[in-house]
Structures are given as C-alpha cells and as structure tokens.
Amino acid sequence: INDTLKVTTDKGEAKYILQRINHLIFTNVEMLQNNIHIVTSHIRKKLEALGEDDIDRKVLTFLPAKDGKFYYFDGENYWRVCLMIPRSQGFEEVNAEFSYEAGKAFGNFQSMLSDLPEGALGETIPNFHNMEFRLQQFHDAVKANPAGRLDEVQDLVGEIEKRAEAMCIQETLYREGKLKKRTNHCDTKVNNILFDENGKVLCVIDLDTVMPGFVLSDIGDFIRTGANTGAEDDENLDNVNVNMEIFKAYTRGYMENAKSFLTPQEISLLPYGGRLLTYMQTVRFLTDYINGDTYHKTHKPKHNLIRTRAQFKLLQSLEAHAEEMDEFMKEYI
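The notes below deal with the structure included here. Computed from a predicted structure; not experimentally measured. Every chain is numbered on its own, with residues counted from 1 as its sequence reads. Restriction of local features to residues with pLDDT of at least 70 applies here, the model being predicted, together with a cutoff of 80 or more for giving and counting side-chain atom pairs; totals for whole chains, interfaces and linings are based on all residues. The side-chain numbers reported here are obtained from all heavy atoms of the structure, hydrogens and water having been left aside.

1. Some remarks on the pattern of salt bridges
When the charged atoms of two side chains lie near each other, side chains of opposite charge can form a pair.
Then step 1. Salt-bridge detection follows one rule: a side-chain nitrogen of Lys or Arg within 4 Å of a carboxyl oxygen of Asp or Glu. On inspection of all chains with the given rule, the structure shows 26 salt bridges.
Then step 2. The shortest N-O distance in the salt bridge between Asp208 and Arg80 comes to 2.9 Å. Separated by 128 residues along the polypeptide, Asp208 in the loop between β7 (201-204) and β8 (211-213) and Arg80 in strand β4 (residues 78-83) bring together distant segments of the chain.
Then step 3. Between buried and exposed lies partly exposed: a residue is buried under 20% and exposed over 50% of the maximum accessible area for its type, with that area taken using a 1.4 Å probe on protein chains only. On the basis of relative accessible area, Arg80 is assigned to the buried category, the value being 4%.
Then step 4. Here Lys178 and Glu176 are joined by a salt bridge, their closest N and O atoms 3.4 Å apart.
Then step 5. Take Lys178: its relative accessible area is 49%, and that puts it in the partly exposed class. Secondary structure elements follow DSSP: runs of H or I no shorter than four residues count as helices, runs of E no shorter than two count as strands, and numbering proceeds from the N terminus.

Take a look at the structure:
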C-alpha cells in the first residue's frame, strides 16, 4: 500500500526505513501517525516496566520531523521515517512452528494494548472490518449492477445472502453490550512479524491498520490467510481447504498471551472469526467484481471473480470444520 525504502548512510550502514504513505487509502495521516505513536509508546513503556533489554529491536521507533510531527508533508506526498531494526528477518512461509510464534506475537501485542482507554485510537480505515457496512456496499453494487456482470454471479449472490444475518453477529452483540471493542492489528499475517537471528519473535510491524475493533478480526484474518492450503486467487479450487494444524498452532500461541484479557464469549467466538473474515473477503471481492474492478488491483481477466470463488471455497471448508474448531476451543473456556 505504501512505498517503502531502505535508507543507507554514506558509510554503507542501513539505518532507516523511509515510507511514502498512501494518503488515498489513509486519508487522515495525522490520525494514522498519532495512532502509531500512541501504540508504540504504550508498548515501549510496557517493555521497560518488564525490564526487557534491546527494546529498540522489540518495538518500532518513528522519528519526528522538525515540527515535532511523526510525518512530513512536502506539498504533494506524506513521508515518515523509522529506525531499521538490525539483525532482523521476516518470513513469508507459513508452517505450524511459525504459526505458533505468530499467534504468540499477536496475542502479546493485543495483551499489551488491552488497557488502552476506549477512544484513544481513531479508525484509520472507517468500517474496515464492519460486516454490516460491507454487506451494504454489496447490496448497493447488486442493485446498481454498473458493469453488467450480475447474471453470471447469481449463484454467489445467493450464497452470500443465505449467510448474511449469521455473519453480522459481532455488530449485534456489540449493540447489546455483550461484545466490546479492543485494540486490534487488523492485518495479522506472518510477514508482519520480525524475527531475530534465531527465529524468535522481535516485534509486530505494519501498524497502519491498528485501530479499535473486535478480537475476531485478528485471529480470523490469520486463519483466512495462513491456514489456507491454496492461494487467495487459486483457480484450482481443489487446492483450497483449511489446514487444521495451522489453525491449532496459531490458536495455541495466541491463547498463551491473550487468554488473560479475553472474555469466555470472545474465546468461544474465535473460530467463527475465521469464517467471518473469509466471508467478508468473499463479499468484498464479489462487490468489486460486480462494480467493474474499481478497488482491488487485478492481474488477469475475471481476477476478482477467481478470488471470490477461492475465498468461498475456503469458507465452505471452514464451515465443514466448524464443529472440530469449536471443540478445540473448549479447553480454553
């Protein structure tokens, strides 16, 4: 989303990361950087209180501009700089070991931020994981049918409508006072974690989407992306299923650090989070296809429709394993 550059000194030392912020996506850069400053400062204080060493490798450090703000506007683009974390590495691969470590990392991240006061952070992308909002966008697209593609996707439209009410549980529970909003990362992929030389977690990175939301988002998005045996845009749907080993490994790691602040209801809903985020992405891809591919970048004909069918296949696999997942969570409740 952003343009990310490594800055090397004239002595050849890689010391900084320079980013041009995509202000078409993150329209309120002031809020974005304020969120990140609050989050990183809060984590730094927690690490100091715990007596951690090497703290500059365990939390991102953004540098202020001359006016004290944590970004710089050059009249056209917004820029920010953070220290590059030395002797760190990232991984794209997802296996049980990395999934367990990722679960611990994101669980610890949420745990450290669980005492942030409500209202401390703004929504950098409003309604990002709001299912009711995503369904409204979908219904608007179906009604308008701007690209004339509705006839070829009627089967998918029907499948989405069948599940619509059941997939808005979190918003309903929130209005009833039974589910609270917490501070979430909202992009829980294994490549958003830095590891040290020995493969141990250093810190969570890519904090642009850290904002208030429901805990189902963070476990749900990892299940959707990490526990998928196929690709997000896999054309061979036989490749697409849920990897239960990955689900269990991530959940074990996550619960080690997150159980202390979660309610029994939140814990019981965590497997539903995987179905919810997969359904949400199915809806988003199909909405974009019906609208004529106006949001997600596409790289081949009918790319968003291919993505939709792959996500829907994953959703069906998650539904088939729902009972097994629910049973697995009982030991934590």
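2. Examining the layout of surface pockets
Then step 1. Put plainly, a pocket is an open set of points on a 1 Å grid over the protein atoms alone with protein on both sides within 12 Å along at least five of seven lines, a cavity is a set where a 1.4 Å probe fits but cannot get out, and a lining residue has an atom within 4 Å of a point. Grid points are joined across faces, edges and corners, and a volume is the space filled by probe spheres set on the points. One number sums up the size of the second largest pocket: a volume of about 410 Å³.
Then step 2. Forming the boundary of the second largest pocket are 20 residues, of which Asn108, Met112, Val201, Leu202 and Cys203 lie nearest the centre.
Then step 3. Of all the secondary-structure elements, those providing two or more residues to the lining of the second largest pocket are α1 (29-49), α2 (96-113) and β7.
Then step 4. It is α2 that provides the largest number of residues to the lining of the second largest pocket, a total of 6 residues.

3. What to know about α1
Residues that lie three or four places apart on an α-helix share one face, since the helix turns once every 3.6 residues.
Then step 1. Given a helix with a known number of residues, its expected span is that number minus one, times 1.5 Å. The terminal C-alpha atoms of α1 lie 30 Å apart, and with 21 residues this matches the ideal 30 Å at 1.5 Å per residue to within 8%.
Then step 2. Whether two residues are in contact is decided by their heavy atoms: any pair within 4.5 Å suffices. In this structure, the buried side of α1 is in contact with β2 (14-21), β4 and α2.

4. Digging into the pairing of strand β1 (residues 3-8)
Then step 1. When DSSP finds at least two bridges between two strands, those strands are taken to pair. Pairing between β1 and β2: 6 bridges, direction antiparallel. Looking across to β2, one finds that Thr8 is bridged to Ala14.
Then step 2. Taking the residues that link successive antiparallel strands as the turn, the β1-β2 hairpin has 5 residues, and the phi of Gly12 there is positive, at about 90 degrees.

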